[in-house]
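# A closer look at the structure
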Amino acid sequence: RQRQMCIRDRAWRLFLNHPLGERLRGNTSKDPNRPVMIVGAGEAGAWAINVCKTNTSYGHVIVAVDDDPNKLGQTIHGVPVRGTLEEIPDLCTRYNIHTIIVAIPTLKGNRLNHVIDLCVSTHCAVQMLSDPQLVGAGTPQQGAFRELNTADFLSRDEVTLDNEKISGYLTGKTVLVTGGGGSIGSELCRQAAAQRPKRLIIFDIYENNAYDIQMELRRTHPELDLVVLIGSVRDRERVMQVFDRYRPDLVCHAAAHKHVPLMETSPFEAIKNNVFGTYNVAQAADRFGTQRFILISTDKAVNPTNVMGASKRLCEMVVQMMDRRSDTEFVAVRFGNVLGSHGSVIPLFEAQIKKGGPVTLTDPNIVRYFMTIPEAAQLVLQAGALAESGNIYVLDMGEPVRIMDLAKQLIRFYGYEPGVNMEIKIVGLRPGEKLYEELMMDEEQDKMRRTQHNKIFVASPRTIDLAEFYEQLQALEAAAAHNDEGVVRQLAAMIPTFTPTRENLKL
């Protein structure tokens, strides 16, 4: 039986690499006779049918589906409505469908997720409306539809921003983004550049990432006064030099080590870079009159079970300490995982799938909060507009996502079937890893309140004994500087909710 499965898998891969298998990988051709299904027989569905009739490169629409019983059996611009959304797989087989176009803009959340699952299970190419606002505004010849992407699996409502408030504190100001070449940092740079700052400064230790975002912004914003500097937030003198020369009005501090397993085995580096890198930048902001400082934090800072999360919790405490003794407004913004960031789970799964598997999962029950990189960056800047000194802003991450479900969706997205021709292998939780993450500590729950923006909550500042905390910081810095094995114990002493793993206590 194992030999038969091996032969079947090999045949499946050969088929995927054959021209006839292109549609299983989501590739679309320009064949005007390509059979197309429209999901949705409402206004958007009718518009999509007209677009395909106007531009035959999209294919030939032969069938539509809709859950409205009044539309079943009707025809929309000559296209029959043959069934419900649940019948998508059967109808795709019956009519030899090549491409599915989802044209129901009101589909959101779990319902959209379910429809995407149905579509992806057919191994047809799946497309969405590129811009639902185009519906009813004519029939564009190009760009009416887009390919399904991994962000669609989250099915999150679009974030609405108060652009007037955001531009109010960015336009005409000098903005510094530390870690500006990273996943979140680079998107913060893009968003800030669009608000016409006086100057944008990118500060990053990794020159390749810094170069990439520099080239991009020079192309997209040629008018921007852009300064790109290489340096480490751990280098206090370098940080002070940058602040002294450029005097930034706003600092978005995104520079940090973030990979949980790596920081478990190198806790000293997490402390040096995350905690004291933050302290260096915060002190520079205070000394040189920065108006506002925004720390990028993480849900792993809540009741941390790993060094990375504990270090970020200390970063939150550092900015709250600084806020109490500075005219600079210090705030932190806390959120969960972002889709597509360096080292995140989706790029890992994609790489594993493209290599033929297996897809590795630490635990079948693990769940995580997710949002897209642009959404996270937008909400960070929105929280900055709401900034009240010392607060921790918590982004609404929606419902947690079961990673097993996400893995299966991605496997089907690439034309395979989980457990049939793509193995999912359970490898066990990594050191310091939780089954689920939390966005708020127990003591914050009662005091947490929603801001005027419905996607942002705020936790008021905690009382910190400044003298004691400063002494503890000095002890922690000494332990980290000497790579002392007591650094994890010192972290635990400073953060009562930190539960170190047995492995990193042995370091």
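Thresholds applied
Residues numbered from 1 in each chain as written. Predicted model: local features only at pLDDT ≥ 70, side-chain atom pairs only at ≥ 80, totals over all residues. Heavy atoms only, no water. Helix = DSSP H or I, 4+ residues; strand = E, 2+ residues; numbered from the N terminus. Buried < 20%, exposed > 50% of the residue type's maximum accessible area, 1.4 Å probe, protein only. Contact = heavy atoms within 4.5 Å. Polar contact = N/O pair within 3.5 Å; in protein donor to acceptor, adjacent residues only side chain to side chain. Salt bridge = Lys/Arg side-chain N within 4 Å of Asp/Glu carboxyl O.

If you tally the helices and strands in the protein chain, you get 18 helices and 22 strands. By the burial criterion, 54% of the 507 residues in the protein chain qualify as buried. Across the protein chain, the fraction of contacts at a sequence separation of at least 24, relative to all contacts at a separation of at least 6, is 77%.

As a further point, take the side chain of Ser186. Relative to the elements of secondary structure, Ser186 occurs in helix α6 (residues 183–193). Given the relative accessible area of 8%, Ser186 is considered buried. There is a polar contact of 3.3 Å between the side chain of Ser186 and the backbone oxygen of Ser183. If we skip the residues at most four places from it in the chain, Ser186 touches Gly180, Gly181 and Ile213.

Moving on, we get to the pattern of salt bridges. Here the structure, examined in full by the defined rule, presents 14 salt bridges. A salt bridge links Glu269 to Lys272; the nearest nitrogen and oxygen atoms lie 3.1 Å apart. In this pair, Glu269 and Lys272 both sit in helix α10 (residues 267–287), 3 residues apart, roughly one turn of the helix. Look at Glu269 and you get partly exposed, because its relative accessible area is 24%. Relative accessible area serves as the criterion here: at 19%, Lys272 is assigned to the buried category. Among the ionic contacts, a cluster of salt bridges with common partners joins Asp67, Glu86 and Arg111.

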